[in-house]
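Working through the structure, step by step
Take a look at the letters that make up each chain.
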Amino acid sequence: MRIDKFLWAVRLFKTRTEAAEACRLGRVRIGEDMAKAAKEIREGDILHVNRHGVTLSFKVLQLLSNRVGAAKVPGYVSDVTAPEEKEKLALQRAPSFERRDPRTGRPTKRERREIDRFKSVDERE
């Protein structure tokens, strides 16, 4: 099975074109080798996909012919990503802004000053 089709079928990419583009840009590896979109994969291969600066690793458990639902994906690939990479991913997903109650609107000038004072104390430490 072609690697671009497999990556699309197990929902690592939204479209097959995106999967092929990632292969072309060198963001997909099979083991230690760069993978072109037409590269054939086998059961047991380890795939490394670099997305947004994080290298995700997956072991191919079983090949498939069509795209499957998200609930069935674990039957075809297992996540073998290193814990350090998962930490990087968690940091990227963490919100970098203050959360406010959605019904309160934007902060007032006074609230903004308090927020800035609070942030400047954190940065000095």
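Residues numbered from 1 in each chain as written. Predicted model: local features only at pLDDT ≥ 70, side-chain atom pairs only at ≥ 80, totals over all residues. Heavy atoms only, no water.

**A closer look at the sheet that holds strand E4 (residues 54-60)**
What counts, and what does not: Only strands joined by at least two bridges in the DSSP assignment are considered to pair. We count a stretch as a helix when DSSP gives it H or I for four or more residues in a row; a strand needs E for two or more, and each element gets its number in order from the N terminus.
Taken in spatial order, the five strands make up an open sheet running E2-E1-E3-E4-E5, and their pairing is antiparallel. Both edges of this open sheet fall to strand E2 (33-34) and strand E5 (77-79), since each of them pairs with a single strand only. Bridge count for strand E3 (residues 46-51) against E4 is six bridges, and the pairing is antiparallel. Residue Asn50 lies in a different strand from E4, and its bridge partner there is Thr55.

**Digging into the pairing of E4**
Along any regular strand, the residues point their side chains to alternate faces of the sheet. The condition is simple: Any residue under 20% of the maximum accessible area for its type is buried, any over 50% is exposed, and the rest in between are partly exposed; the area is computed with a 1.4 Å probe on protein chains only.
Along E4, five of the seven residues are buried, which leaves the element largely enclosed by surrounding structure. Two successive antiparallel strands, E3 and E4, enclose a turn made up of two residues, where His52 displays a positive phi of approximately 55 degrees. Looking at chain direction, E4 and E5 are connected through three bridges and run antiparallel. Note that in E5 the partner of Val60 across the bridge is Val77.

**Re the nonpolar core**
We apply this condition: In these notes, a set of buried Ala, Val, Leu, Ile, Met, Phe, Trp, Tyr and Cys residues joined through side-chain atoms within 4.5 Å is what counts as a nonpolar core. A contact between two residues is defined here by any heavy atoms of the two lying within 4.5 Å.
Membership of the largest hydrophobic core comes to 27 residues, with the highest contact counts inside it found for Ile3, Phe6, Leu7, Val10 and Leu47. When contributions to this core are tallied by element, the ones reaching two or more residues are helix H1 (3-9), helix H2 (16-24), strand E1 (28-30), E3 and E4. Dropping the residues within four chain positions of it, Ile3 is found in contact with Cys23, Val28, Ile30, Ala35, Lys36, Ala37, Lys39, Ile41 and Leu47.

As far as function goes, none of this settles anything; it's purely spatial.
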